[in-house]
Amino acid sequence: MGQATRTTKLLLDLGKRDQGGANTDKRAALDATARLLNQARAFYIDFFLAHADKLAERVPYYSEKHLEMRERAISANELLTWAEACTVATAAHPRPWEGWNFSARFPEMPFIYRRSVIKDAIGKVRAYLSSLANWEKSGKRKGKPGLPGATDHPTLYQGTCELILEEAKGGDRFVRLKVYDGHAWQWVNYPVVCSRYFQQRQREPAWEQQSPTLVLSKQAAALHFPQTKEITAKKVKESKLDPDLVTVAVDLNVKNLAVITVRQHGTIIKTVFITDHGLDQQRYRHLRRIAKKQWLSGKPVKDERSNQQLWRHVRRMNEDAAHKVARSIANVCARYPGCVLLFERLRKIRAKGASKSRRMNRKQANHLRGKINQQAREKAFVEGVVTVEVNPHGTSQQCSRCGLKGERFSYRGSKRIKAPWGKLFWCPHCRYEANADWNASVNVHHSFFNELHWQPRLKKKA
Ligand SMILES: [Zn+2]
């Protein structure tokens, strides 16, 4: 059993007014709301830090299971009730504590927002206190945890946010948000950029909706909707005993972004090559341009980013490629229900030597491999497929037929050139020749089943 999560983004339309975008006042209201909520969160973080002993309180309760009185840690809900009683003026508690009068400092804040910031603050302070305790226990001088920060994306619980996506009168689609416009709290309608894909994902019955968060950036504003789904998957140990088990191995590379091989009953039944369609080359050209511009402009200015547009473009190219490759891997997995997805444990390859642009490109390529690994794992898990990381030792050097060490080579003209970057693989022991990346991908299966070169390590005698 496990839980898969995914996030669907709904962009608020902050485009030009005459093209249906929200006006600037509405945009300012979003910023003002986030700022005010940050201040409120800071208030409660200070409050809980000042009363840290309350968070450590133990509460007695009657255990039905053990039929006796026991103690447990105070729950977040109890803390919330207590904090509200101390800081908020109500008919029952007309006088909040001296110096902690929330109602006076943040008049008329909707109680749902107040509770969400209190919950945020409890989480942050608890995390801080436990890491502080760990640090003190460790006795190290370095690495003292810093105080928790108050900035966060506000969560919009029910009662502060309403989605109106069904074609209302005039076909308008918008969200109603409770925002602070600088003077008072009120409901404001924001137009949204809504596609049918968003609605499809919202409606899928197996996925449970969670409250969205409001994410503001310089260019855009969006609502992020997390969704969760319960997944039932077999344990790898159990599936390894199954003689009909299908394994899907992936070898991640630079030009062949992924080589997927599917194996059952000891034979490879399917192979998929996913090339980068020139991504490496394009990215290299962009990075060369960045390196040159940096060189021309001299020493970088502190706290100032350069070449923002180009970097954003490079990031997006990588992001896009990662999603597409991960999707193809997950699609292959979906065709074999109950299969196991195999990756090599990613090695850290230091980008060194060569030119600066080449080093940067290597770094980006490594980053991309990590992204593909992570996203493929998530997307495959949604299909109920578990991922295993196998020992990568020698997967690209050993022969996938006899398990002995071979060499990589390439053809230049009609000449064979032996080189570690060679596209082909040759085994001098059994005279086997194959595509080098494919050979590595097949070896990943061997590593999973502890065959040939990949014997389980014997335990050292004591
Ligand atoms: Zn061989």
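Each residue is numbered by its place in its chain's sequence as written, counting from 1. Only residues with pLDDT of 70 or above have their local features reported here, since the model is predicted, and side-chain atom pairs are shown and tallied only from 80 upward, although totals for entire chains, interfaces and linings are computed over all residues. Only heavy atoms go into the side-chain values, all of them from the structure, while hydrogens and water stay out.

## Comments concerning the layout of surface pockets
A 1.4 Å probe that fits but cannot get out identifies a cavity on a 1 Å grid over protein atoms alone, an open set with protein on both sides within 12 Å along at least five of seven lines counts as a pocket, and a residue lines either if it has an atom within 4 Å of a point. Grid points are joined across faces, edges and corners, and a volume is the space filled by probe spheres set on the points. In this model, the largest pocket occupies a volume close to 1800 Å³. When residues of the lining of the largest pocket are traced back to their parent elements, those giving at least two are strand E1 (2–12), helix H6 (196–203), strand E9 (221–231), helix H9 (308–334) and helix H10 (356–382). No other element matches H9, which puts 10 residues into the lining of the largest pocket. Note on residue classes: Ala, Val, Leu, Ile, Met, Phe, Trp, Tyr, Cys and Pro are nonpolar, Asp, Glu, Lys and Arg are charged, and everything else, Gly too, is polar. Here the lining of the largest pocket is built from residues that sort into 11 nonpolar, 14 polar and 16 charged. Taken together, 34 residues line the second largest pocket, and the ones lying closest to its centre are Asn 253, Val 254, Arg 408, Pro 420 and Trp 421. Listed by contribution, the elements that provide at least two residues to the lining of the second largest pocket are strand E10 (246–252), H10, strand E15 (407–412) and helix H11 (436–448). Secondary structure elements are defined from DSSP: runs of H or I of at least 4 residues count as helices, runs of E of at least 2 residues count as strands, and each element is numbered from the N terminus.

## Some points on the pattern of salt bridges
A side-chain nitrogen of Lys or Arg and a carboxyl oxygen of Asp or Glu constitute a salt bridge if their distance falls within 4 Å. The final tally for this structure, using the stated rule, is 18 salt bridges. Linking Glu 451 and Arg 263 is a salt bridge whose minimum nitrogen-to-oxygen distance equals 2.9 Å. In this pair, Glu 451 sits in the segment after H11 while Arg 263 sits in strand E11 (residues 256–264), placing the two residues 188 residues apart along the sequence. Throughout, exposure labels follow a simple rule: accessible area from a 1.4 Å probe, protein chains only, divided by the maximum for the residue type, with under 20% read as buried, over 50% as exposed, and the rest as partly exposed. Of the residues examined, Arg 263 reaches a relative accessible area of 10% and is grouped as buried. For Arg 283, the salt bridge is made with Asp 280, and the minimal N-O distance between the two is 3.0 Å. Of this pair, Arg 283 and Asp 280 both sit in helix H8 (residues 279–297), 3 residues apart, which is roughly one turn of that helix. Just as Arg 283 is buried, Asp 280 falls in that class too. Here the salt bridges share partners, and the residues they tie into one network are Glu 84, Arg 114 and Arg 115.

## With respect to the packing of aromatic side chains
When the centres of two rings from Phe, Tyr and Trp lie within 6.5 Å, Trp using its six-membered ring, the rings pair. Their planes under 30 degrees apart give stacked, over 60 give edge-to-face, and anything left gives tilted. What the rule picks out here adds up to 18 aromatic pairs. Ring centres of Phe 47 and Trp 82 lie 5.4 Å apart, and the angle between their planes is 35 degrees; on these two criteria the pair is classed as tilted. Placement of Phe 47 in helix H1 (residues 24–50) and of Trp 82 in helix H3 (residues 76–87) is noted, with a sequence separation of 35 residues between them. Ring geometry for Trp 82 versus Trp 97: centroids 6.0 Å apart, planes at 85 degrees, classification edge-to-face. Pair noted here: Trp 82 is in helix H3 and Trp 97 is in the loop between H3 and helix H4 (102–105), with a separation of 15 residues, a long-range link. Here Trp 82 falls in the buried class, since its relative accessible area comes to 18%. Sitting above the plane of the Tyr 190 ring, Lys 26 keeps its charged end 5.9 Å from the centroid. Charge-over-ring contacts are defined here by two conditions on Lys NZ or Arg CZ: a distance within 6 Å of the ring centre and an angle within 35 degrees of the ring normal.

## Examining the packing of H8 against H10
Axis separation between H8 and H10 bottoms out at 8 Å; the angle between their running directions is 135 degrees. Taken together, H8 and H10 sit at an angle that is classed as oblique. In this structure, H8 meets H10 at a crossing whose hand is right-handed. Across the interface between the two elements, Leu 279, Asp 280, Arg 283, Tyr 284, Leu 287, Arg 288, Ile 290, Ala 291 and Gln 294 of H8 pack against Lys 356, Ser 357, Arg 358, Met 360, Asn 361, Gln 364, Ala 365 and Leu 368 of H10. When the residues that make up the contact of H8 with H10 are grouped by side-chain class, the tally is 8 nonpolar, 4 polar and 5 charged. Lines fitted to C-alpha atoms define the axes, with helix axes restricted to the stretch in contact, and inter-axis angles between N-to-C directions lie between 0 and 180 degrees. Here the word oblique covers every angle except those under 35 degrees (roughly parallel), over 145 (roughly antiparallel) and from 65 to 115 (roughly perpendicular). By definition, any crossing whose near helix is turned counterclockwise from its far helix by less than a right angle is left-handed, and any crossing with a clockwise turn is right-handed. Whether two residues are in contact is decided by their heavy atoms, any of which lying within 4.5 Å being enough.

The values are spatial; any link to function lies outside them.
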